[in-house]
Amino acid sequence: MNELVYFMLWAGIIFLMMRFGCGAHVMGHGRDKAKHGEGTPKEQATTEGLRWTPPVDDVDPVCGKTVSTETAKPSVHDGHVYYFCSRDCRERFEAAPTQYLAGDETKHPSAQPENEHA
């Protein structure tokens, strides 16, 4: 009987800690950053409804094939997502991305050097 009381005591303490204390984020509590001073309501309003949707098709920068993004192998470089027809093309790109993106300034204008914006 002592073991049962001891177990129930610890189970209650752990529950209270998870509900109100250090583990509250694990149980989904404390998600609102404004309550904790970590964000402003304006920041929250601008990011709530945003969702990135990939294009239907894209061009593999390594071999030039048009690939469906649904079945393609993606890779992220310099904040942009690139899609590849195969794992081999993706690995070649990841080994030397600048080699395949030399003429890609028109696709991603933010990749242009700063002095050209004058």
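What comes next is a walk through the structure. (Residues numbered from 1 in each chain as written. Predicted model: local features only at pLDDT ≥ 70, side-chain atom pairs only at ≥ 80, totals over all residues. Heavy atoms only, no water.)

**Let's talk about the overall build of the protein**
Here is step 1 of the chain: Broken down by element type, the protein carries four helices and four strands.
Here is step 2 of the chain: If you list the helices and strands of the protein from N to C, you get α-α-β-β-β-β-α-α.
Here is step 3 of the chain: Of all 118 residues assigned to the protein, the portion counted as buried reaches 18%.
Here is step 4 of the chain: A separation of at least 24 residues holds for 24% of the contacts in the protein among residues at least 6 apart in sequence.
Here is step 5 of the chain: Per element, the accessible surface of the protein, about 9,600 Å² overall, is 57% carbon and sulfur. (Helix = DSSP H or I, 4+ residues; strand = E, 2+ residues; numbered from the N terminus. Buried < 20%, exposed > 50% of the residue type's maximum accessible area, 1.4 Å probe, protein only. Contact = heavy atoms within 4.5 Å. Areas by Shrake-Rupley, 256 points an atom, 1.4 Å probe, with all protein chains shown as cover.)

**With respect to the packing of aromatic side chains**
Aromatic ring pairs are defined here through the distance separating the ring centres and the angle between the ring planes.
Here is step 1 of the chain: Summed over all chains, the structure comprises four aromatic pairs.
Here is step 2 of the chain: Here the aromatic rings of Tyr6 and Trp10 are separated by 6.4 Å at their centres, their planes lie at 75°, and the arrangement is edge-to-face. Taken as a pair, Tyr6 and Trp10 lie in helix α1 (residues 2-20) at a separation of four residues, close to a single helical turn.
Here is step 3 of the chain: On the numbers, 5.1 Å between centres and 45° between planes, the contact of Tyr82 with Phe93 is tilted. With Tyr82 in strand β4 (residues 80-84) and Phe93 in helix α3 (residues 87-95), this pair connects stretches of sequence that are 11 residues apart.
Here is step 4 of the chain: Given the relative accessible area of 4%, Tyr82 is considered buried. (Phe/Tyr/Trp six-rings, centres within 6.5 Å; stacked < 30°, edge-to-face > 60°.)

**Remarks on the pairing of strand β3 (residues 73-77)**
Here is step 1 of the chain: Two elements, β3 and β4, share five bridges in a ladder whose sense is antiparallel. By the bridge assignment for β4, His77 is matched with His80. (Pairing = 2+ DSSP bridges.)

**Concerning the side chain of Asp60**
Here is step 1 of the chain: Looking at where Asp60 falls in the secondary structure, it is placed in the loop between β1 (57-59) and β2 (66-68).
Here is step 2 of the chain: One buried charge, Asp60, has no salt-bridge partner; the nearest side chain with opposite charge is Lys65, at 7.2 Å.
Here is step 3 of the chain: Within the structure, Asp60 has its side chain in polar contact with the backbone nitrogen of Val62 (distance 2.8 Å).
Here is step 4 of the chain: Of note is the side chain of Asp60, whose polar atom sits 2.9 Å from the backbone nitrogen of Cys85.
Here is step 5 of the chain: Every residue in contact with Asp60, bar those within four places of it in the chain, is listed here: Lys65, Tyr83, Phe84, Cys85 and Cys89. (Lys, Arg positive; Asp, Glu negative; His and termini not counted. Salt bridge = Lys/Arg side-chain N within 4 Å of Asp/Glu carboxyl O. Polar contact = N/O pair within 3.5 Å; in protein donor to acceptor, adjacent residues only side chain to side chain.)

**Things to note about a nonpolar patch on the surface**
Here is step 1 of the chain: Taken together, the side chains of Tyr6, Leu9, Trp10, Ile13, Ile14 and Met17 define a hydrophobic patch exposed on the protein surface, amounting to about 620 Å² of accessible area.
Here is step 2 of the chain: As for its placement among the helices and strands, Leu9 is situated in helix α1. (Patch = residues over 30% accessible without salt bridge, like charges linked within 9 Å, V, L, I, M, F, W, Y side chains within 5 Å.)

**A short note on unusual backbone geometry**
Here is step 1 of the chain: Of note, Asp78 is a non-glycine position whose phi angle comes to about 55°, a positive value.
Here is step 2 of the chain: Along the chain, Asp78 falls in the loop between β3 and β4.
Here is step 3 of the chain: A relative accessible area of 60% means that Asp78 is categorised as exposed.

**Some points on the pattern of salt bridges**
Here is step 1 of the chain: A full pass over the atoms with the stated rule returns one salt bridge.
Here is step 2 of the chain: A salt bridge links Arg87 to Glu91; the shortest N-O distance between them is 3.6 Å. Here Glu91 and Arg87 lie together in helix α3, a separation of four residues that amounts to about one turn.

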